[in-house]
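# Secondary and tertiary structure notes
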Amino acid sequence: MKINENTWDKVNDRNTSCFSSRKYNYLREFDAGKWAVHLCKEVSTDLNGVMFVAKRTFANDKVLPVTKGFEVRFDFYNNLPSDEVAIVIKLRGNEYSAAFTYLIDDIFNGFNALQADKDVVDYFFNRLDVWKTFFDRADSKGLSDTYRRGLFAELYFIKNALFPHYGAKCIKFWTGPEAGIHDFELGKIAVEVKSSAGNKSTKIKISNERQLDDSGYDLLLLFQVSLSVRKNHQPTLVDMVKEVATLFHSDHGRLVQFKNFLLMAGYHPMHEELYLTEGYHVDETNVYKVSQGFPRIIGSQVPSGVGGIKYSVDLSACSQFKIDAAAAEASIKTGSK
């Protein structure tokens, strides 16, 4: 399939190959394997979309995702058999048109290897779950400064703390992109990775009351990466992504998993040029054992009706919880056993 943002120009009232429902104008444009895929435009907004037809029985129980970049809807038109439904994925704002085009390319090219109706519908919605997470975390100009630093720190942890002990299988411990409670989970050991930057800041941001909660774990470690942010410096976030990707080059399955996790973390190559002017220097790393007495808010302490808690912790007040590198490495090395 060859598609770009201008491809939808073919969907217009002058094109006699188009047909319409009440909500959309359609044009059959390409086939993904045995599946006919139609370009479409919403009549009321003129926003781009794509449609394919599926058996209603396989689609009725699906949750239709909506995010700032796209939404999914069912559509019906007169000559559609009663046991089928048109599944439409539609752009929600033109500022996301470039990302939407990548999404379409990714999902519908994946149809080529699929034969069964149910497999196509399942694949479509499973893949949309990944892309929904991307749109939830990245805006039309990519990741914010804070998210860039946070992702850099997590990749640094994978490269330097996990891969030396676990090899390519270490990617399975990265739970943050899948909205895990903690960034990494190694059996009964959890690791929360935090970055701090600027003037040797020791303050870290905590985004909810579960992030520093060690309930259900034998050990919760806080891995702090202190960064200096420098213009036109290396390594950039792009450099770090490429370095970590090379760790999985001999294991295709793990490499695919890594790329999926990057997407779920809000990272896509379309934004790489935006990330090249900012680099990071790792000034130091520190590891803390989060346990009784550590300054934190945890779920069991929060009154009923209170939520959406965000706060900061000054690690300069946590020196008694700091553990040395050897002890941290030993815990990480044995965490999944």
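This write-up is about the structure you can find in this document. Just so you know, these numbers come straight off a predicted model, no measurement behind them.

### Brief notes about the sheet that holds strand 4 (residues 48–55)
Think of a sheet as strands paired side by side through backbone hydrogen bonds, with each pair either parallel or antiparallel. The 6 strands are arranged 1-2-3-4-6-5 in an open sheet whose pairing can be described as antiparallel. Looking at which strands have only one partner, the edges of the open sheet turn out to be strand 1 (19–20) and strand 5 (70–75). With 2 bridges joining them, strand 1 and strand 2 (residues 24–32) adopt antiparallel strand pairing. From the neighbouring strand, Phe19 faces strand 2, where its bridge partner is Tyr26. Relative to strand 5, helix 3 (residues 117–137) is tilted by about 150°, and along the sheet it contacts strand 3 (35–42), strand 4, strand 5 and strand 6 (84–91).

### Structural notes on the layout of surface pockets
If you add up the space inside the largest pocket, you get close to 1000 Å³. In this structure, the largest pocket is lined by 34 residues; those nearest its centre are Tyr147, Lys194, Lys205, Ser207 and Gln211. The set of elements that each furnish at least two residues to the lining of the largest pocket consists of helix 4 (145–166), strand 8 (189–197), strand 9 (203–206) and strand 12 (311–314). Partitioning the lining of the largest pocket into residue classes produces 13 nonpolar, 11 polar and 10 charged.

### Details of the packing of aromatic side chains
For the coordinates displayed, the defined rule picks out 29 aromatic pairs. Between Phe111 and Tyr123, the ring centres sit 6.2 Å apart and the planes meet at 70°, which makes this aromatic pair edge-to-face. With Phe111 in the loop between helix 2 (97–109) and helix 3 and Tyr123 in helix 3, this residue pair connects regions lying 12 residues apart in the sequence. For Tyr123, a relative accessible area of 25% corresponds to the partly exposed category. Taken together, the ring pairs connect Phe157, Phe163, Trp174, Phe184, Phe223, Phe248, Phe258 and Phe261 into an aromatic cluster.

Calculation rules
- Residues numbered from 1 in each chain as written.
- Predicted model: local features only at pLDDT ≥ 70, side-chain atom pairs only at ≥ 80, totals over all residues.
- Heavy atoms only, no water.
- Pairing = 2+ DSSP bridges.
- Helix = DSSP H or I, 4+ residues; strand = E, 2+ residues; numbered from the N terminus.
- Contact = heavy atoms within 4.5 Å.
- Axes fitted to C-alpha atoms, helices over the stretch in contact; angles between N-to-C directions.
- 1 Å grid on protein atoms, 1.4 Å probe; cavity = no way out; pocket = protein on both sides within 12 Å on 5 of 7 lines; lining within 4 Å.
- Points joined across faces, edges and corners; volume = space filled by probe spheres on them.
- Nonpolar A, V, L, I, M, F, W, Y, C, P; charged D, E, K, R; others polar.
- Phe/Tyr/Trp six-rings, centres within 6.5 Å; stacked < 30°, edge-to-face > 60°.
- Buried < 20%, exposed > 50% of the residue type's maximum accessible area, 1.4 Å probe, protein only.

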